[in-house]
Every structure is written in structure tokens, then in C-alpha cells.
Amino acid sequence: MPEAWSEAWPGIWPWIVVLTGAVATYVWRGMGVALSDRINPEGQLFQWIGAVTYAFLAGLIARLIVLPVGPLEATALTDRLAASVVALAIFLATRRNLLLGVGAGVSVLVLLTVGRVTWL
Amino acid sequence: MAESAYRSPRAAALGGMRASLGMPAVILGASYLGFGSLCREAGFSLWLGFASTATGWALPGQIALVELYAVGASLLAIGSAVALTNARLLPMTVALMPLLRHPGTPRWRYYFFAHFIAITGWTIAMQRCPDLPTDQRLPYFAGFAMTLWSVTLAATGFGFVLASLVPDYITLGLVFLNPIYFMLVFAADFRHRIRALALGLGAVTGPFLHLVDPDWGLLATGLLAGSAAFLVDRALDARAGRPHA
């Protein structure tokens, strides 16, 4: 059914996608408020949900770096991995300074990519 | 962070606004420039980008949504991926709400301001609110998080426009901001054993399962690697003779 919408209603389809995203996002916050005085955030169920969430997010981030879709496809895998390692190293070396870590990682990727185009 | 309480709830809201307009706005604003660019690359319109940031505010879920939309995934796959990506908001909300409660505050206000719970504002509120009188906590959080939300809306628009105006290599950098930012945000969780296990296993498994099945690979990654991390963590606890809560 949804696939049919994407073909029959190309203009409305992305709005249905965004609306679905909004519902799938707020539902957790709303449930969190409803449950906040009744549930034990230290319990086993929450431990498991937390682990599944962290694993999913790590998988997503790794996928964005290793197998990106879009403009990053034009960059070399080794450049993206090198940039990630530099970002992590600078972040840890500067006592977890996000700005410097992110800035270093992005700069390394841009410089390596431009360097390859210019000198290789 | 020498100052503790504000003079009034109103001053607390302004204090929250000021606190967000520093590093948090720079980092998250820059990340949403990347999101705006990603929207354009994925074939979203500017208005769809704004709508996503306004109503589905939480960057990892927004990225998952746009990326899956771009590869033509089904609505069920997109909804499930966004729901699983954002499931962390449930325990986050459960942990934060008891701090924000103040007797006499109408219940709908908690439901309204819960929309603005996301990693950055949550972290700050968890640190700052215990030092504030209870009537100043919700205003502080609201001032902080709604300012950040406004900044990210503007950044989504700028990123979308920049994606077509700036050289390719800048676009590249903006799109790369997102994964790098979250990698570093989650690096702070490496000290927490079960999270470190889940992050490590998920990062290794994710790309492989994505190759096996682009629609469901990441969901399978979460369930398999997350459950494995949970079981390993339990086994390590049992070996150390620690009882379960």
C-alpha cells in the first residue's frame, strides 16, 4: 500500500513520510511523560531497550561513514575512516571538546578529498 | 557554572536561552546545516526539511528518515527505523521528567515541552536542574531546548540553500558533520559498559547487515547486537557476583 502511494501520489508521499517520522518520534516522548512516575529506569527491560538503541545508532553511524548514500559516495573509504580516527583522537586529546573534534574530522576529510583531486 | 538559582522562573527561562546560544547552538546548528544539505541531496523540498525539523526533532531519526526515503524504503521500514532510532527518548524522558516536576504545573505542559527533549538539551537539563528550585526547572529546560530548536530550524534552511551555492567539498564537509558529531557524542558513553558493548558490536555489525538487506539491516543490527550486548553485560555481572536491580 505505501509503495503504491509513492507512485500514485509523488507529491504527497514525502509528507506522509515526514508525518510518520513525527509520530514515531513524539510517541516515545509522550509515553515517557505518561510512564515517568510509574516505571523503573534501572530495570532489565530498560537495560535491554537501551542496548538495542545504542547498537542501532552505532550501526547507523558506522553505515553513514562506511557505506554512505549521496555526496559522500564520491569520497574514498580510507579518507572517511582516517577523518573519523582523527576526530576521535582530537576529541579525546582535548578533554572531549566537541567543536575541535568535529572540526578536525571534517577538515581532514575535505583536505584529503581536495588533495586527491588536485595532486593525484 | 558557579551560579545556582535564578531570581524568578522567567529569569531561569532567559538563562536557559543564553546557555543554549553558545557551544550547543554552534555544534547542533552546524549539524543541522548538514541535515539541510542532506535533505536537498535526498530530493526533499525546503518545506519538507523544515517540517521534519519542526515536528520530528531528533537528528539521528531525521537522518534515518531522509536516507531511507532516498533509497525508496517502504513506509513500514521508515516508520520502524525512526521509532527504533528514537526509542531512546522514552527512557530519557522517564529519567528527566521527575526532575522537571513542580506542584501545580498543568500536566499538558509536560506533554508539550517533552517534544523538545533531545540529546543536547537533555544532557544539560540533567546536569543543571538539580541545582535549581523546582519552579525554575521547566522554564530553564524550555528556554534552552526551544532556543536550540529554533536555531536548528534556521540551520536546516541555511544548509538546504548552501548545498546548492557552495562548492562540492563544503557540502561534503557539512554532510559528514552528522555522523562525526554523533560518533563523538556517543564516545562519551564508552565508560558505561553495556553501552560500550552495544556501540562496538553495532558499529561492526551495522554495515554488514546493511549489505545483506538495506531495508531491515539496521533494525536487525539493533536487535542482534543490542541483545548480545545485554546478555554479555549480564554474564559479566553474574561472574562478578553482582545481583540484578
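Note that the coordinates shown come from a computational prediction; the quantities given were computed from them, not determined experimentally.

**Overview of the overall build of chain A**
So, step 1. A tally of helices and strands in chain A yields five helices and zero strands.
So, step 2. Beginning at the N terminus, the succession of helices and strands in chain A can be written as α-α-α-α-α.
So, step 3. Contacts spanning at least 24 positions in sequence make up 33% of the contacts within chain A whose residues lie at least 6 apart.

**Considering the overall build of chain B**
So, step 1. A count of helices and strands for chain B gives 12 helices and zero strands.
So, step 2. Sequence-ordered secondary structure for chain B, helices as α and strands as β, is α-α-α-α-α-α-α-α-α-α-α-α.
So, step 3. The C-alpha atoms of chain B give a radius of gyration of 20 Å, which matches the 18 Å a tight globule of 245 residues would have.
So, step 4. Taking all 245 residues of chain B together, 55% fall into the buried category.
So, step 5. For chain B, contacts bridging at least 24 residues in sequence account for 78% of all contacts bridging at least 6.

**Considering unusual backbone geometry**
Residue and element names in this part refer to chain A.
So, step 1. Positive phi is not limited to glycine here, since Arg-95 has a value of about 55 degrees.
So, step 2. Along the polypeptide, Arg-95 turns up in the loop between α4 (77–93) and α5 (98–119).
So, step 3. Unlike most non-glycine residues, Arg-96 shows phi in positive territory, near 60 degrees.
So, step 4. Mapped onto the elements of the fold, Arg-96 is located in the loop between α4 and α5.

**As for the pattern of salt bridges**
Residue and element names in this part refer to chain B.
So, step 1. Scanning all chains against the criterion turns up four salt bridges over all chains.
So, step 2. As a salt-bridge pair, Asp-233 and Arg-193 come within 2.8 Å of each other at their nearest N and O atoms. One end of the pair, Asp-233, is in helix α12 (residues 217–239); the other, Arg-193, is in helix α11 (residues 193–212), and 40 residues separate them in sequence.
So, step 3. Under the relative-accessibility criterion, Asp-233 is labelled buried at 10%.
So, step 4. You can call Arg-193 partly exposed: its relative accessible area is 31%.
So, step 5. Of the charged contacts, one joins Arg-193 and Asp-237 as a salt bridge, the two residues approaching to 3.0 Å between their closest N and O atoms. In this pair, Arg-193 sits in helix α11 while Asp-237 sits in helix α12, placing the two residues 44 residues apart along the sequence.

**Re the interface of chain A and chain B**
So, step 1. Residue-level contacts link 71 residues of chain A with 89 residues of chain B.
So, step 2. Summed over both partners, the interface of chain A with chain B buries about 7200 Å², with 79% contributed by carbon and sulfur atoms.
So, step 3. Of all residues in chain A, Arg-29, Tyr-54 and Phe-56 of chain A bury the most surface against chain B, accounting for 11% of the area lost on that side.
So, step 4. Remark: the boundary between chain A and chain B carries one salt bridge.
So, step 5. Across the chain A-chain B interface, the total number found is 12 residue pairs in polar contact (both at pLDDT 80 or more).
So, step 6. Residue assignment for the side of chain A that touches chain B shows that the elements contributing at least two residues are α1 (2–8), α2 (13–35), α3 (44–66), α4 and α5 of chain A.
So, step 7. Across the side of chain A that touches chain B, the residue classes break down as 48 nonpolar, 16 polar and seven charged.

**Structural notes on the domain arrangement of chain B**
Residue and element names in this part refer to chain B.
So, step 1. By the assigned domains, chain B splits into domain 1 (9–189) and domain 2 (192–245).
So, step 2. Taking only C-alpha atoms, the centre of domain 1 and the centre of domain 2 are 25 Å apart.
So, step 3. Opposite the 10 residues of domain 1 that make contact, domain 2 presents eight residues.
So, step 4. Of the roughly 710 Å² buried where domain 1 meets domain 2, counting both sides, 69% is carbon and sulfur surface.
So, step 5. Area buried by domain 1 at its contact with domain 2 is led by Ala-77, Leu-84 and Asp-189, which between them contribute 57% of it.
So, step 6. Counting every contact that joins domain 1 to domain 2 gives zero salt bridges.

Conventions adopted
- The numbers attached to residues start from 1 for each chain and follow its sequence in the written order.
- Lettering of chains starts at A and numbering of ligands starts at 1, both following the order in which they are written.
- Local features in a predicted model are, by the rule used here, given only for residues with pLDDT of at least 70; side-chain atom pairs are given and counted only at 80 or more, and totals for whole chains, interfaces and linings are based on all residues.
- To obtain the side-chain values, all non-hydrogen atoms of the structure were used and water was disregarded.
- The helix and strand labels rest on DSSP assignments: H or I over at least four residues marks a helix, E over at least two residues marks a strand, and numbering proceeds from the N terminus.
- Residues count as neighbours in contact if any of their non-hydrogen atoms are within 4.5 Å of one another.
- Values of the radius of gyration come from C-alpha atoms, whereas the globule rule sets the reference at 2.2 Å times the count of residues to the power 0.38.
- Exposure classes here rest on a 1.4 Å probe applied to the protein chains alone. A residue is buried below 20% of its type maximum, exposed above 50%, and partly exposed in between.
- Salt bridges, as used here, are contacts in which a Lys or Arg side-chain nitrogen is within 4 Å of a carboxyl oxygen on Asp or Glu.
- Accessible surface is computed with a 1.4 Å probe, and the buried area is the amount of it that two parts give up when combined, taken over both parts together.
- A 3.5 Å cut-off defines polar contacts: any pair of N or O atoms within that distance qualifies, except that in protein one atom must be a possible hydrogen donor and the other a possible acceptor, and neighbouring residues in sequence count only when both atoms are side-chain atoms.
- Each residue is assigned to one class: nonpolar for Ala, Val, Leu, Ile, Met, Phe, Trp, Tyr, Cys and Pro, charged for Asp, Glu, Lys and Arg, and polar for all the others, Gly among them.
- The domain boundaries here were taken from an automatic or database domain assignment.

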